[in-house]
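Notes for the structure review
What follows is each chain in one-letter form.
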Amino acid sequence: MSHRVLVLLAPGFEEIEAVTPIDLLRRADAQVIVASTESQLLVTGRSGISIQADLTLPEVIDQDFDLLVLPGGPAVFDLREKPRILDLIRRLHFANVPIGAICAAPLLLHDAGILKDAERFTAHGSTAEELPDLISDSSTIVSGNLITSRGAGTAVSFGLSLVEKLYGSEKALAVQESVHAS
């Protein structure tokens with residue numbers, strides 16, 4: 001069964017945190033839609049790598065998805081100022097759609113008022129002042145429908161946790177073995 005996944009790309013996104021989950025989810029046969037938060041499809045990340053999105057956010061914002069993925073990076077700080085992004089996060093959360101947020105992206109969950117629904121969560125250490133309850137000794141944490149992860153170095157763990165959330169542990173293990181992840 002193919003699940004529909006929405007991955008948001010905004011200028012300044014962390015490339016590893018976007019590409020790794022996209023790749024692992026596609027290996028699991030998910031239909032991953034990469035949406036630019038801007039009017040152009042070509043989006044440049046924090047390290048100067050440009051990625052072509054499939055569609056723009058207005059083209060998909062009202063559609064249904066089985067998972068939302070929020071990469072981190074400096075882009076998060078601009079997204080925090082966009083009510084339509086926070087509204088999308090809230091709408092999907094209250095529709096019981098799992099949401100994955102890595103690095104600084106848990107700040108978006110906080111701003112949307114849903115991070116409080118996680119018993120435990122993690123994020124990049126630089127967010128600790130705003131997120132003092134973050135768990136710093138876990139690379140990825142699944143708490144209900146919220147999947148959070150620390151940063152670029154935990155992107156494989158994060159991506160595999162997203163696969164497991166959608167498809168179960170057997171599929172996640174198969175994808176993990178196929179890429180020789182430890």
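Everything that follows concerns the structure shown earlier in this document.
Just so it is clear, the model here is predicted, and its values are computed rather than measured.

To continue, consider the overall build of the protein chain. Within the protein chain, the secondary structure is distributed over 7 helices and 9 strands. Against the globule reference of 16 Å for 182 residues, the protein chain gives a C-alpha radius of gyration of 15 Å, in line with a compact fold. Along the longest, intermediate and shortest principal axes, the C-alpha atoms of the protein chain span 40 × 35 × 35 Å. Split into buried and exposed, the 182 residues of the protein chain put 53% on the buried side. Intrachain contacts of the protein chain at a sequence separation of at least 6 include 65% that bridge at least 24 residues. When the accessible surface of the protein chain is split by element, carbon and sulfur atoms take 49% of a total near 8100 Å². Within the protein chain, the 24 negative side-chain charges are centred at a point lying 1 Å from the centre of the 14 positive side-chain charges.

This brings us to the pairing of strand β8 (residues 140-143). It is a general feature of regular strands that their side chains alternate between the two faces of the sheet. Judged from the 4 bridges that link them, β8 and strand β9 (residues 146-149) form a sheet pairing that is antiparallel. Bridge pairing in β9 links V142 to I147. Here β8 folds back onto β9, and the loop between the two strands holds 2 residues, one of which, G144, carries a positive phi near 65°.

All right, on to the environment of N96 then. Along the polypeptide, N96 turns up in the loop between α4 (83-94) and β7 (99-102). Separated by 30 residues in sequence, N96 and D66 have C-alpha atoms that sit 8.9 Å apart.

As a further point, take the packing of aromatic side chains. Any aromatic ring pair is given by two values, namely how distant the centres are and how the planes are angled relative to each other. Counted by the stated rule, this structure contains 0 aromatic pairs. Here K171 stacks its cationic end above the ring of Y167, 5.8 Å away from the centre of that ring.

To continue, consider empty space enclosed by the protein. Scanning the model with the defined rule gives 1 cavity of 30 Å³ or more in all. In this structure, the largest cavity occupies an estimated 30 Å³ of space. Mapped by element, the contributors of at least two residues to the lining of the largest cavity are β1 (4-9) and α3 (75-79). Counted by class, the lining of the largest cavity contains 8 nonpolar, no polar and no charged residues.

Glancing now at the sheet that holds strand β5 (residues 55-56). Taken in spatial order, the 7 strands make up an open sheet running β5-β2-β1-β6-β7-β9-β8, and their pairing is mixed. The strands lining the two open edges of the sheet, one partner per strand, are β5 and β8. Note: strand β6 (residues 67-70) against β7, 3 bridges, orientation parallel. Note on β7: the bridge partner recorded for L70 is A101.

This paragraph deals with the nonpolar core. If you look at the biggest cluster of nonpolar residues, it comprises 64 residues, and the most contacted ones within it are L6, L25, L70 and I89. Of the residues forming this core, the biggest block, 6 residues, is contributed by helix α6 (residues 155-167). Those residues in contact with L25 that sit more than four places away from it in its chain are V5, A30, V32, L67, V69, L162, V163 and L166.

Calculation criteria
- Residues numbered from 1 in each chain as written.
- Predicted model: local features only at pLDDT ≥ 70, side-chain atom pairs only at ≥ 80, totals over all residues.
- Heavy atoms only, no water.
- Helix = DSSP H or I, 4+ residues; strand = E, 2+ residues; numbered from the N terminus.
- Rg over C-alpha atoms; globule rule 2.2 N^0.38 Å.
- Buried < 20%, exposed > 50% of the residue type's maximum accessible area, 1.4 Å probe, protein only.
- Contact = heavy atoms within 4.5 Å.
- Areas by Shrake-Rupley, 256 points an atom, 1.4 Å probe, with all protein chains shown as cover.
- Lys, Arg positive; Asp, Glu negative; His and termini not counted.
- Charge placed at Lys NZ, Arg CZ, Asp CG, Glu CD.
- Pairing = 2+ DSSP bridges.
- Phe/Tyr/Trp six-rings, centres within 6.5 Å; stacked < 30°, edge-to-face > 60°.
- Lys NZ or Arg CZ within 6 Å of the ring centre and 35° of its normal.
- 1 Å grid on protein atoms, 1.4 Å probe; cavity = no way out; pocket = protein on both sides within 12 Å on 5 of 7 lines; lining within 4 Å.
- Points joined across faces, edges and corners; volume = space filled by probe spheres on them.
- Nonpolar A, V, L, I, M, F, W, Y, C, P; charged D, E, K, R; others polar.
- Core = buried A, V, L, I, M, F, W, Y, C linked by side-chain atoms within 4.5 Å.

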